[in-house]
Protein chains: 2
Amino acid sequence: MPNYQAGPLDRMFQALADPTRRVMVERLSRGPASVSELAAPLKMSLPAVVQHLQMLEASGLVRTQKVGRVRTCQLEPGALQLAEQWINDRRLQWERRLDRLGVFLAEDENQEKKT
Amino acid sequence: MPNYQAGPLDRMFQALADPTRRVMVERLSRGPASVSELAAPLKMSLPAVVQHLQMLEASGLVRTQKVGRVRTCQLEPGALQLAEQWINDRRLQWERRLDRLGVFLAEDENQEKKT
DNA sequence: ACAATACTTAAGTGGATGCCTAACTATCAA
DNA sequence: TTGATAGTTAGGCATCCACTTAAGTATTGT
């Protein structure tokens with residue numbers, strides 16, 4: 001789609017789709033960190049890290065605030081729930097379907113027995 | 001990263017990051033479908049749909065098989081678990097951290113009372 | 001005041017993504 | 001056998017993504 005405005009789920013999953021960003025999220029799930037602290041274990045330039053950070057912010061996963069010359073980043077706790085929710089809904093729908101299928105097959109088996 | 005081979009989680013989240021593909025997954029969570037059935041509600045050409053389908057297959061979310069001239073697609077039930085797992089692990093880590101923080105604050109409060 | 005620190009901004013590059021159209025192949029149905 | 005159906009293949013185009021380097025701007029420690 002050309003000229004399509006990405007929704008929250010798009011940005012969220014997109015953010016999680018990159019290994020570098022997942023490492024950053026993992027780090028932040030152990031507590032807040034500055035930009036340089038986030039960058040330290042990553043083999044790339046600082047600007048690259050900041051770009052990733054911006055995607056994480058845009059997705060709502062991470063919140064940051066600058067105090068003095070240090071920008072501190074932390075996880076937005078509720079944010080991951082959005083993705084989790086969507087996945088869970090699919091699983092439920094799928095399981096409900098299998099249940100119905102199970103009932104159907106059971107009924108079918110009854111038919112067999114009657115015959 | 002240049003020359004980087006995408007891992008399973010990358011492909012999985014990447015697959016889920018597109019609204020068209022999520023619609024396809026939603027459809028499939030209600031039961032198997034042919035390619036044209038998947039394409040029907042989507043405002044794009046068949047080849048485009050097939051490309052999306054290929055990403056879903058590559059991510060392991062969807063399995064397909066061709067019988068005669070029709071390709072039938074279904075969800076790979078366990079696949080979503082991978083993503084769900086990762087998200088859950090982050091949540092747990094975060095919550096454990098908050099617990100420790102809570103303990104720390106409680107202890108701190110005790111200190112205060114003693115003073 | 002000066003240098004080091006902690007980012008920030010800007011501009012550019014190569015490769016992946018999300019579409020498209022046109023032309024093709026295989027199956028099924030009459 | 002001929003035509004309709006269901007996908008497939010190929011090539012092209014605009015945009016986005018993941019980097020880079022180079023050059024800035026605030027803060028802070030001495």
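Structure: see above.
Sequence order as written defines the numbering, with residues in each chain counted from 1. A letter from A marks each chain and a number from 1 marks each ligand, given out in the order of writing. Owing to the predicted nature of the model, reporting of local features is limited to residues with pLDDT of at least 70; listing and counting of side-chain atom pairs is limited to 80 or more, with chain, interface and lining totals taken over all residues. Computation of side-chain values covers all heavy atoms of the structure but excludes hydrogens and water.

Draft legend 1. Structural context of the environment of Leu42(A). Residue and element names in this part refer to chain A. The secondary structure listing takes helices from DSSP runs of H or I that are at least 4 residues long and strands from runs of E that are at least 2 residues long, numbered from the N terminus. By the element assignment, Leu42 lies in the loop between α3 (35–39) and α4 (46–58). For the pair Leu42 and Val23, spaced 19 residues apart in sequence, the C-alpha to C-alpha distance is 8.8 Å. Contact between two residues is taken to exist if any of their heavy atoms lie within 4.5 Å; hydrogens are not considered. When residues no more than four places from it in sequence are discounted, the contact partners of Leu42 are Thr20, Val23, Met24 and Val49.

Draft legend 2. Layout of the interface of chain A and chain B. At the interface, 30 residues of chain A touch 30 residues of chain B. With both sides pooled, the region where chain A packs onto chain B buries about 3100 Å², and carbon together with sulfur makes up 65% of that total. A pair is scored as a salt bridge if a Lys or Arg side-chain nitrogen falls within 4 Å of a carboxyl oxygen belonging to Asp or Glu. Seen at the junction of chain A and chain B, the total is 6 salt bridges. Here Glu26(B) makes a salt bridge to Arg90(A), at a shortest N to O gap of 3.9 Å. N or O atoms within 3.5 Å of each other form a polar contact, as long as, within protein, one can give a hydrogen and the other can take it, and as long as residues adjacent in sequence are counted only when both atoms are side-chain atoms. Across the chain A-chain B interface, the total number found is 10 residue pairs in polar contact (both at pLDDT 80 or more). Among the secondary structure elements, those contributing two or more residues to the side of chain A that touches chain B are α1 (8–16), α2 (19–28) and α5 (80–114) of chain A. Residues are sorted three ways: Asp, Glu, Lys and Arg are charged, Ala, Val, Leu, Ile, Met, Phe, Trp, Tyr, Cys and Pro are nonpolar, and all the rest, Gly among them, are polar. Looking at side-chain class alone, the side of chain A that touches chain B contains 16 nonpolar, 6 polar and 8 charged residues. Two parts placed together each lose some accessible area under a 1.4 Å probe, and the buried area is that loss summed for both.

Draft legend 3. Main features of the packing of aromatic side chains. Residue and element names in this part refer to chain A. Ring geometry is summarised as follows: Phe, Tyr and Trp rings, the Trp one being its six-membered ring, pair when their centres sit within 6.5 Å, and such pairs are stacked at plane angles under 30 degrees, edge-to-face over 60 and tilted between the two. Within the structure shown, the criterion is met by 3 aromatic pairs over all chains. Here the aromatic rings of Phe13 and Trp86 are separated by 6.1 Å at their centres, their planes lie at 75°, and the arrangement is edge-to-face. Here Phe13 is found in helix α1, whereas its partner Trp86 is found in helix α5, with 73 residues between them in sequence. Three labels apply to residues, based on accessible area from a 1.4 Å probe with only protein chains included: buried if under 20% of the type maximum, exposed if over 50%, partly exposed otherwise in between. Given a relative accessible area of 6%, Trp86 falls into the buried group.

Draft legend 4. Quick look at the pattern of salt bridges. In the structure shown here, the tally under the stated rule is 10 salt bridges over all chains. With a closest N to O distance of 2.7 Å, Glu84(A) and Arg91(B) form a salt bridge. Of the two residues, Glu84(A) sits in helix α5 while Arg91(B) sits in helix α5 (residues 80–114), which places them in two different chains. Relative accessible area serves as the criterion here: at 10%, Glu84(A) is assigned to the buried category. Since its relative accessible area comes to 28%, Arg91(B) is described here as partly exposed. One network of salt bridges, with partners in common, ties together Glu84(A), Arg91(B) and Glu95(B).

Limitation: the analysis is restricted to geometry and does not speak to function.
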